[in-house]
Amino acid sequence: DGGITQSPKYLFRKEGQNVTLSCEQNLNHDAMYWYRQDPGQGLRLIYYSQIVNDFQKGDIAEGYSVSREKKESFPLTVTSAQKNPTAFYLCASSIGEDEQYFGPGTRLTVT
Amino acid sequence: SQQGEEDPQALSIQEGENATMNCSYKTSINNLQWYRQNSGRGLVHLILIRSNEREKHSGRLRVTLDTSKKSSSLLITASRAADTASYFCATIGVYGNNRLAFGKGNQVVVIP
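What this report covers is the structure whose coordinates are included nearby. Everything numeric in this text was worked out from a predicted model, so none of it was measured.

1. Describing the pattern of salt bridges
In step 1: Following the criterion strictly, the structure yields 8 salt bridges over all chains and no others.
In step 2: Of the charged contacts in the structure, one is a salt bridge between Asp98(A) and Arg50(B), with a shortest N-O distance of 3.2 Å. With Asp98(A) in the loop between strand 9 (87–94) and strand 10 (100–102) and Arg50(B) in strand 5 (residues 43–50), the pair connects residues from two separate chains.
In step 3: If you follow the salt bridges from partner to partner, you end up with Arg36(A), Asp38(A) and Arg44(A) in one network.

2. Observations regarding the interface of chain B and chain A
In step 1: Listed as interface residues are 22 residues of chain B and, on the opposing side, 24 residues of chain A.
In step 2: The tally of links between chain B and chain A comes to 2 salt bridges.
In step 3: Between Arg99(B) and Asp59(A) there is a salt bridge whose closest N-O contact spans 2.6 Å.
In step 4: At the level of secondary structure, the elements contributing two or more residues to the side of chain B that touches chain A comprise strand 4 (29–37), strand 5, strand 9 (85–93) and strand 10 (100–102) of chain B.
In step 5: When the residues that make up the side of chain B that touches chain A are grouped by side-chain class, the tally is 7 nonpolar, 11 polar and 4 charged.

Definitions and limits used
- Residues numbered from 1 in each chain as written.
- Chains lettered and ligands numbered in written order.
- Predicted model: local features only at pLDDT ≥ 70, side-chain atom pairs only at ≥ 80, totals over all residues.
- Heavy atoms only, no water.
- Salt bridge = Lys/Arg side-chain N within 4 Å of Asp/Glu carboxyl O.
- Helix = DSSP H or I, 4+ residues; strand = E, 2+ residues; numbered from the N terminus.
- Contact = heavy atoms within 4.5 Å.
- Nonpolar A, V, L, I, M, F, W, Y, C, P; charged D, E, K, R; others polar.

Limitation: the analysis is restricted to geometry and does not speak to function.
If you want it as structure tokens, here you go:
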């Protein structure tokens, strides 16, 4: 099956801890994206990568970091510097500016 | 970055009725896309309309685009209970580097 996977589905962390969210795709897409969604809100872009070993900040990159060492993987680290990390995180991939394929999301709760 | 804005934000209709949602945006675009999200799930792409297109159909979905008014509408005909979801429009700007700018979404409830 071709698709995009995120793990875990639910994640709980204590304040002050870094946490890494996984995103893997086997669609052979060059571009990958990380979004944050807060309740009742649309998606806001955190980071995106158009090619391996390259990535750019989105609109709300502060307190987050990413890497793109392999085409199929784009992990997101939520650092302790992110002031309000509790949210629903969505990963997506695409070919150019065509439709984006989304993973099922990771719900992160930090207490 | 530009933002799509949907209107209305919440819609409740009877099964079989049509549902219409509108979206406006601020700058020139390459394309506009509509997505559906079921509660707590990822987004699913519904339809993409390019800036040189005015109308597009896919099954029970009809999307229009008016670039002079910077607006789009999504019509779902003969709605079903399974259409209950949030619907988002998103745009790729002319200088967007493939970045999608999302609106806040419309919540649609279809009552059986």
